[in-house]
Amino acid sequence: MVCSALRRVVCVYICLARKASHAYRSYQHQAWGSRPPTAECAAQGVSGSVIELLGKSYPQDDYSNLSRKVLSRVGRNLHNQQHHPLWLIKERVKEHFYKQYMGRSRTPLFSVYDSLSPVVTTWQNFDSLLIPADHPSRKKGDNYYLNRTHMLRAHTSAHQWDLLHAGLDAFLVVGDVYRRDQIDSQHYPVFHQLEGVRLFSKHELFAGIKDGESLQLFEQSSRSGHKQETHTMEATKLIEFDLKQTLTRLVTHLFGDGLEIRWVECYFPFTHPSFEMEINFHGEWLEVLGCGVMEQQLVNSAGAQDRIGWAFGLGLERLAMILYDIPDIRLFWSEDERFLKQFHVSDINQKVKFQPLSKYPAVTNDISFWLPSENYAENDFYDLVRTIGGDLVEKVDLIDTFEHPKTLRTSHCYRITYRHMERTLSQREVSRVHQAVQEAAVQLLGVEGRF
């Protein structure tokens, strides 16, 4: 009975989405594509159904929350498409690490993994990285779950433990990651990360240090803001120095000499101490990556008890938008040759400045509704808007919150900005999409419309 009701809700969602897509079928064809019926239903988390993804089957349950919009992006691997701006950034980072860091046999010290499956277990994504069971980053509203045990990775760090356990001590991981988030020019449910990890033995870390033979990696002491309880202060400071020096060289390679850099202390569950790097670019301080000394508990559990290491992670879109002056994150998914051909360069280190396509006018529509008494999450609404509106939606702003003085019910008013990247939208076709959003919000989120 419940399963039947859920299937009816799914059919309503699919019907509304198809109704919206009719207004811009040619534009959305690639993003929505044709999918097997099982994928359509499974994407909405129908208990008892199965989703086929990347050649494997995953049973759905009450945690399943993949939208068709997100499913259409799995497997695109923009970072591996030659001459794509994200590919250019990846290749520049790879080239730098290959040339700067050599092993004993004069081969590259760092190995690169850029084709690992984005489907991971929740253990890989959270537990292996020491993320507590009650940590807010695990929330269903912030992630894309296939079911309670499998998900689309929220960060490339999900592969750290496995690669360390395989015996690797210097590697880069590049891949697409998935997070439910707000809608604007800087955020997209799929983006790309590059992760770096390096471990050091006692000999490697203290080589070249005066009286280095007497220094130790480990001790039993207390944790402070500057070190872990199992690390000596000497080892921590040397790891921190090597990490910052490595990353300073990397961003200098990417942005050029004379770059002003500062380090900001921060918190990550899997590193301590942890830092964010900010660069002064055109007079503005911009955060470009996070890093830190790896938690020894993580390293030990992966079988590298005699080593200590660092890790960093950066967003490829973030770097590309800064380096190439790309104003909107949706552009990375464009197949418009006017965009792509700008990055067809003979030398990956050649300077490129994005020349804007004609900016077509925006169309804005507001939507107001009373929230249900429970189980409403803003990210559910954003995900619904993305699924129905696709890349026509430039941003969504919460512009008003009202609480009724008598009923104490809360109302939200959102302003949705629609803008096509390649042509002018008419109010008529936007109205069809917007109406579908309104109907889906009522049917699927349990809100009461004020429209």
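Residues numbered from 1 in each chain as written. Predicted model: local features only at pLDDT ≥ 70, side-chain atom pairs only at ≥ 80, totals over all residues. Heavy atoms only, no water.

Caption draft 1: Looking closely at the overall build of the protein chain. Across its full length, the protein chain holds 14 helices and 15 strands. Per-residue burial over the protein chain gives 53% buried out of 451 residues. Taking as baseline every contact in the protein chain between residues at least 6 positions apart, the subset at least 24 positions apart corresponds to 66%. Accessible area for the protein chain stands at about 20,500 Å²; split by element, carbon and sulfur atoms hold 50% of it. (Helix = DSSP H or I, 4+ residues; strand = E, 2+ residues; numbered from the N terminus. Buried < 20%, exposed > 50% of the residue type's maximum accessible area, 1.4 Å probe, protein only. Contact = heavy atoms within 4.5 Å. Areas by Shrake-Rupley, 256 points an atom, 1.4 Å probe, with all protein chains shown as cover.)

Caption draft 2: Helix 13 (residues 378-389), seen in detail. The end-to-end C-alpha distance of helix 13, which contains twelve residues, comes to 16 Å, matching closely the 16 Å that a straight helix rising 1.5 Å per residue would cover. Most of helix 13 sits out of view: ten of its twelve residues are buried. (Expected span 1.5 Å × (residues − 1).)

Caption draft 3: Summary view of the nonpolar core. The biggest cluster of nonpolar side chains holds 76 residues, and the ones touching the most others in it are Leu152, Phe255, Phe312, Tyr324, Ile326 and Phe332. Take this core: its biggest share by element is eight residues, from helix 9 (residues 233-255). When neighbours within four sequence positions are excluded, Phe332 is seen to be in contact with Leu78, His84, Pro85, Leu86, Glu317, Ala320, Met321, Ile326 and Phe339. The next biggest cluster of nonpolar side chains, apart from the first, holds 26 residues, and it includes Phe369, Phe381, Leu445 and Val447. (Core = buried A, V, L, I, M, F, W, Y, C linked by side-chain atoms within 4.5 Å.)

Caption draft 4: Representation of the sheet that holds strand 12 (residues 363-370) in the model. Sheet architecture is open: four strands sit in the order 13-14-12-15, paired in antiparallel fashion. Each edge of the open sheet carries a strand with a single partner, namely strand 13 (393-403) and strand 15 (448-449). The sheet contact formed by strand 13 and strand 14 (residues 410-418) spans nine bridges and is antiparallel. Pairing of Lys395 across the sheet is with Thr417, part of strand 14. Seen against the sheet, helix 14 (residues 427-445) touches strand 12, strand 14 and strand 15 and runs at an angle of roughly 20 degrees to strand 12. (Pairing = 2+ DSSP bridges. Axes fitted to C-alpha atoms, helices over the stretch in contact; angles between N-to-C directions.)

Caption draft 5: Spotlight on the sheet that holds strand 8 (residues 260-268). With mixed pairing, seven strands are arranged side by side in an open sheet as 3-6-7-11-10-9-8. Taken across any chain shown, the strands that pair with only one partner, and hence form the sheet edges, are strand 3 (111-113) and strand 8. On average, each strand axis in the sheet is tilted by 25 degrees relative to the strand beside it, whichever way the strands run. Examined bridge by bridge, strand 8 and strand 9 (residues 271-281) share eight bridges and lie antiparallel to one another. Paired with Cys266 across the two strands is Ser274, which belongs to strand 9. Each of strand 3, strand 6 (170-178), strand 7 (190-200) and strand 11 (308-315) is contacted by helix 5 (residues 85-100), which is oriented at about 170 degrees to strand 6, the strand it contacts most.

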